[in-house]
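Breakdown of the fold
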Amino acid sequence: MTSGPEHHSTVARRAVLGTALGGAAAAALPGTAQAEEPSRTAPPALDEKRARPWKLRDTMTTDGAWATFLRRQDLLWTRLPTRWYEGPFLGDGLLGSMIYQEPGANRIRFTVQHGRVQDHRPEFGSGWGTCRLPVGHLTLDPVGTITAVDWRLSLWNAELTGTVTTSAGTLTLSALIHDEVLAVKVRASGDERAVWTFHPEEAVSPRKIQEGPPEGYTPNPPWTTRTTSDGTEQVLQPLTGGQTATAYRRDGDELLLSVGHSAPSTTAAEADSLRTLRRAGSHSTLRKRHTRWWHAFYQKSFVSFPDQRLQSFHWIQLYKVASASRAGGPVMATSGPWLEPTPWPAVWWNLNVQLEYWLIHGSNHLELDSLATTLRQNQEQLIANVPATYRGDSSGVGRSSDMFANRSVGRPGTGAEVGDLTWALHNVWLSYRHSMDKTLLRDTVFPVLRRAINYYLHFLTPGSDGKLHLPSTLSPEYPVVPPQDTNYDLALIRWGCRTLIESAELLGIDDESKPRWQEVLAKLTPYPVDDNGFMIGADTPYAQSHRHYSHLLMVYPLYLVNWDQPESRDLITKSIVHWHALTGAHRGYSYTGAASMYAMTGDGDTAISYLRKFFDPTTRYPCQANTHYTEAGPVIETPLSASQSLHDMFCQSWGGVIRVFPAVPTAWADVTLHDFRTQGAFLVSAVRQKGTTRFVRVRSLAGEPLKLRHGIGGRLTALLDDGTPARTRDLGDGILAIDLPKGREVLVHSGSRPDLVIAPVAVSEPGPAWGLP
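Turning to the overall build of the protein, a few remarks are in order. Check the secondary structure of the protein and you find 18 helices and 34 strands. Against the compact-globule benchmark of 28 Å for 773 residues, the protein has a radius of gyration of 26 Å, which places it among compact chains. Considering only C-alpha atoms, the protein reaches an extent of 75 × 65 × 50 Å along its principal axes. The 773 residues of the protein split such that 64% are buried. Within the protein, counting contacts between residues at least 6 apart in sequence, those at least 24 apart form 67% of the total. When the accessible area of the protein is evaluated, it comes to approximately 26600 Å², of which 49% is carbon and sulfur surface.

Here it is, written out as structure tokens:
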């Protein structure tokens, strides 16, 4: 097993971060400087001393403007939340807390969980032996009976503020998490006083709610407590092959708490938690660093549209993903850093991980990509996951794992689930395409994808039809295993071989396997289809309701079969229709997936109708009050993927073409996008007013070829930022090729120049705040 670092200091995490995604990731942690874009050959530079002939007037450049806008997106509570999926949540990518009423008690619970805290006994599997482990929770115990709350979760400050009214007086609180420290400040008035109690939780798998432990499993040793010379309290949780330590101290109205975890060291966490606490200083000192980080974070991109409820939801998801992930940190588990009782206390690789990270690309936040860094850092483990016979050239990962990707993968021919690593690498390839950082391509995408595809190649065999066929593999998580040629895997093989050929050319690698990849693309059997569209696999129709869209991966998100292929449109349509026609097993991401697929077809009205099913309280598994989501336990990916569905309505960039406002619902006449990041490392700004795209501005960060489906009618003007006309070519179908050097911008519009204003749009569909308002 690949071990975690024994000492997770801020300096160490920043060092990992700086190399994980090239320069694009260096702003991921508090205190780090904003990085430059990935280095490439310098283009002709614009002389900024000369007056620009045009420039966007961005009204969102001041802290005041942002504070005002985001305040309208905040979550509010006038009732005390009683469940985790109703209450406020805080996080910094590692430490997480959810706030709600202590079950059955006149107390308020602040959960204390950490993304690095896991067991280290792989012999008991990912559900028990390498699962995320609970840490504990704080309770705020008032003197009087709680009669009311008035809380606000400020997105702008990433801070919970408000009051708790009791029969004895009032508690006024502020809470935030920054740099692995939970900082809470509570002032009491009247006869009220704040009493804090920390409750350690047993270091046993949360999966115990579903099943008993495996044979031979023994509980971790009990925790111990100590008080240091400066009055800091510590809870020490010994583990087999590791240690968790929680340190907390009170200073007047303030309480600071930190969690350390070490592996394989069984002692380092103790010192780490104390060191982190000392480094934090006071609540006010920490808050200054905290708000500075969050204010810079939000201003990297902007989107506004007229549905208040969904607009607020979208900004909450951005807050959520930044609370749950940082490049260089642990890959998100199904619950993120907010562990609750769940049958899924690990990392799930057959859909969950992939959906968790999609929204970071368009929102211009590649610094949050802990999936890419997890795969880069654990390549030896990915090799160890395949059977010994294939470790010379192959890699893989099983359905679920710990944060180090420790889970063996089965063999094709046994009905095993094989393609999950390849799908995860598609996410990393998306990070490469949105950054054009060749370091990421060279060090992660190409070498790991090469081994993932090699594993498939060992099992492809020619049939009597002259085509290459794959023996039985599982389509996640369909209950019937095809005898061969599972569409999930055929799509991933095709995407993988194409990407390897393209990557080798970009990297200047004359790879000996290139002829084999070309042969596979030429001879791989076609996707099995029937009268209802794409099947699960050979001789296996899609015949029972299924929450996953694993059999449709070639449509979305791989876009191998897409709407730009007229011959594919009927097949795409009937496949999606049939998938949703069989009801009963659909879950939240079934609706977000369908929304994104319809957005690909350009049908924004159908896309939004499917997306709204996720928010319909009559749906069996709807979005919850605080925008989290639960089935048998917390599953963080579904709400995050709903934000990606919105992205897909506003801007798409697959197939080498940027599509601006490709599937905006008819009811949304006005939309503003600013610095939306696309493949090719472009930043797109565009304004839609009264159902018409007024202008599109594109900035090139890497000098890649630009093909723009702009959606603007009439005679076009395309001006570079020095006032000279851009060199363009009309490619037909509304696509314009534009010569745009790195570091330069182009403005596209028709008629007289419109007002180039970036501003929030007016709300035409009011809605209540999220939370319990």
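Now that the structure has been shown, we can carry on.
The five strands lie next to each other as β3-β4-β5-β6-β11, forming an open sheet whose pairing is antiparallel. The sheet terminates laterally at β3 (89–91) and β11 (195–200), the two strands that pair on one side only. For this sheet, the mean angle separating the axes of adjacent strands, direction not counted, is 20°. Bridge count between β3 and strand β4 (residues 95–101): three bridges; the pairing is antiparallel. Each residue of the ladder has a partner; that of phenylalanine 89, found in β4, is methionine 98.

As a further point, take the packing of aromatic side chains. Across all of its chains, the model carries 43 aromatic pairs by this definition. Relative to tryptophan 315, the ring of phenylalanine 302 lies with its centre 6.0 Å away and its plane at 40°, an arrangement referred to as tilted. You can see phenylalanine 302 sitting in strand β16 (residues 302–304) and its partner tryptophan 315 sitting in helix α6 (residues 308–324), a full 13 residues away along the chain. Centroid distance phenylalanine 305 to phenylalanine 650: 5.1 Å. Interplanar angle 55°. Geometry classified as tilted. With phenylalanine 305 in the loop between β16 and α6 and phenylalanine 650 in helix α18 (residues 637–650), this pair connects stretches of sequence that are 345 residues apart. With a relative accessible area of 0%, phenylalanine 305 lands in the buried category. Residue classification places phenylalanine 650 among the buried residues on the basis of a relative accessible area of 1%. Ring pairing ties together the aromatic residues Trp66, Phe69, Phe89, Trp156, Trp293, Trp294, Phe297, Tyr298, Phe302, Trp315, Tyr319 and Trp338, which thus form one cluster. Lying across the ring of tyrosine 527, arginine 494 places its NZ or CZ 4.5 Å from the centre.

Below, the discussion takes up the environment of valine 448. For valine 448, the location among the structural elements is in helix α12 (residues 438–457). A relative accessible area of 2% means that valine 448 is categorised as buried. If we skip the residues at most four places from it in the chain, valine 448 touches Leu375, Gln379, Leu382, Leu421 and Leu425.

One way to see where empty space is left: roll a probe the size of a water molecule over the atoms. Within this model, the largest pocket holds a volume of roughly 870 Å³. Along the walls of the largest pocket sit 44 residues, with Trp429, Ser653, Trp654, Gly655 and Gln679 positioned nearest its centre. For the lining of the largest pocket, the secondary structure elements donating two or more residues are α8 (359–362), α11 (420–435), α13 (487–507), α18, β23 (651–652), β24 (658–660), β25 (671–678) and β28 (706–709). In terms of residue count, α11 provides more of the lining of the largest pocket than any other element does, five residues in total.

Turning our eyes to something else, we now look at the side chain of aspartate 721. When you line up the elements, aspartate 721 lands in the loop between β29 (716–720) and β30 (728–732). Aspartate 721 gets classed as buried once you look at its relative accessible area, which sits at 2%. A distance of 2.7 Å separates a polar atom in the side chain of aspartate 721 from a polar atom in the side chain of arginine 744. Within polar-contact distance, the side chain of aspartate 721 engages the backbone nitrogen of glutamate 745 at 3.0 Å.

Turning to the packing of helix α9 (residues 370–377) against α11, a few remarks are in order. Orientation of α9 relative to α11, taken along the N-to-C sense of each, is 125°, at an axis distance of 9 Å. Between α9 and α11, the angle falls in the class oblique. The way α9 lies across α11 gives a crossing that is left-handed. Of the residues in α11, those touching α9 at Leu371, Ala372 and Leu375 are Leu421, Ala424, Leu425, Asn427 and Val428. A class-by-class count of the residues in the contact of α9 with α11 yields seven nonpolar, one polar and no charged.

With that out of the way, let us pick up the environment of tyrosine 217. Residue position: tyrosine 217 is located in the loop between β11 and β12 (224–227). With relative accessibility at 11%, the residue tyrosine 217 sits in the buried group. Sequence spacing of tyrosine 217 and tryptophan 128 is 89 residues, and the spatial spacing of their C-alpha atoms is 8.5 Å. If near-sequence neighbours (up to four positions away) are discounted, tyrosine 217 is found in contact with Asp119, Arg121, Phe124, Trp128, Ala203, Val204 and Ser205.

In this structure, Trp151, Tyr298, Trp315, Phe650, Trp668 and Val746 are the most contacted members of the largest nonpolar core, which totals 216 residues. Top contributing element to this core by residue count: α12, with eleven residues.

In terms of burial, strand β32 (residues 745–750) is largely enclosed, as five of its six residues are buried. Where strand β27 (residues 692–700) meets β32, four bridges bridge the pair, whose relative direction is antiparallel. Note on β32: the bridge partner recorded for arginine 699 is glutamate 745. Sheet analysis places β29 next to β32, joined by five bridges and oriented antiparallel. Bridge assignment links leucine 720 to a residue of β32, and that residue is valine 746.

The next subject is the side chain of serine 700. Looking at the element boundaries, serine 700 is found in strand β27. In this structure serine 700 touches Ala681, Phe682, Leu740, Pro741, Lys742, Gly743 and Arg744, once residues within four positions along its chain are discounted.

Right, let's get into the pattern of salt bridges. Applying the stated criterion across every chain yields a total of 33 salt bridges. A salt bridge links aspartate 564 to arginine 709; the shortest N-O distance between them is 3.7 Å. Of this pair, aspartate 564 sits in the loop between β22 (533–534) and α15 (569–581) while arginine 709 is found in strand β28, placing the two residues 145 residues apart along the sequence. Several salt bridges converge on common partners, so that one network encompasses Arg52, Asp675, Arg697 and Glu745.

Here we have six strands laid out as an open sheet, ordered β16-β25-β26-β27-β32-β29, and antiparallel in their pairing. The sheet is open, and its two borders are formed by β16 and β29, each paired with just one other strand. Between one strand axis and the next, the sheet turns through 20° on average, direction left out of account. The sheet contact formed by strand β26 (residues 682–689) and β27 spans eight bridges and is antiparallel. Residue pairing across strands places leucine 683 opposite arginine 699, the latter belonging to β27.

Conventions adopted
Residue positions within a chain follow its written sequence, with the count starting from 1. Only residues with pLDDT of at least 70 are given local features in this predicted model, and only at 80 or more are side-chain atom pairs given and counted; all residues enter the totals for whole chains, interfaces and linings. Side-chain metrics in this entry use all non-hydrogen atoms of the structure; hydrogen atoms and water are not considered. Secondary structure counts use DSSP, requiring at least four H or I residues in a row for a helix and at least two E residues in a row for a strand, with both numbered from the N terminus. For a compact globule the rule gives 2.2 Å times the number of residues to the power 0.38, and the radius of gyration it is set against comes from C-alpha atoms. Only protein chains enter the area calculation, which uses a 1.4 Å probe; residues under 20% of their type maximum are buried, those over 50% are exposed, and those in between are partly exposed. For this analysis, residues touch if any pair of their heavy atoms sits within 4.5 Å. Each accessible area value is a Shrake-Rupley result obtained with a 1.4 Å probe; residue values ignore everything except the protein chains displayed when judging cover. Any two strands with at least two DSSP bridges between them are considered paired. Geometry is summarised by axes, namely lines fitted to C-alpha atoms with helices restricted to the contacting stretch, and by angles between N-to-C directions that run from 0 to 180 degrees. The pairing test for Phe, Tyr and Trp rings, Trp by its six-membered ring, is centres within 6.5 Å, and the orientation test on the planes gives stacked under 30 degrees, edge-to-face over 60, and tilted for anything in between. Geometrically, a charge over a ring is one whose NZ (Lys) or CZ (Arg) sits within 6 Å of the ring centre while staying within 35 degrees of the ring normal. Points on a 1 Å grid, built from protein atoms alone, make a cavity when a 1.4 Å probe fits but cannot get out and make a pocket when they are open with protein on both sides within 12 Å along at least 5 of 7 lines; residues with an atom within 4 Å of a point are the lining residues. Grid points are joined across faces, edges and corners, and a volume is the space filled by probe spheres set on the points. Polar contacts, as counted here, are pairs of nitrogen or oxygen atoms within 3.5 Å of one another; within protein the pair requires one atom able to donate a hydrogen and one able to accept it, and residues that are adjacent in sequence qualify only if both atoms are side-chain atoms. To sort the angles, those under 35 degrees are grouped as roughly parallel, those over 145 as roughly antiparallel, those from 65 to 115 as roughly perpendicular, and the leftovers as oblique. With the far helix as reference, a near helix turned anticlockwise by less than a right angle produces a left-handed crossing, and one turned clockwise produces a right-handed crossing. Polar here means any residue other than Ala, Val, Leu, Ile, Met, Phe, Trp, Tyr, Cys and Pro, which are nonpolar, and Asp, Glu, Lys and Arg, which are charged; Gly is therefore polar. Here, the term nonpolar core denotes a set of buried Ala, Val, Leu, Ile, Met, Phe, Trp, Tyr and Cys residues that are joined through side-chain atoms within 4.5 Å. Counted as salt bridges are all cases of a side-chain nitrogen of Lys or Arg within 4 Å of a carboxyl oxygen of Asp or Glu.

Purely spatial values, then, with no claim about function.
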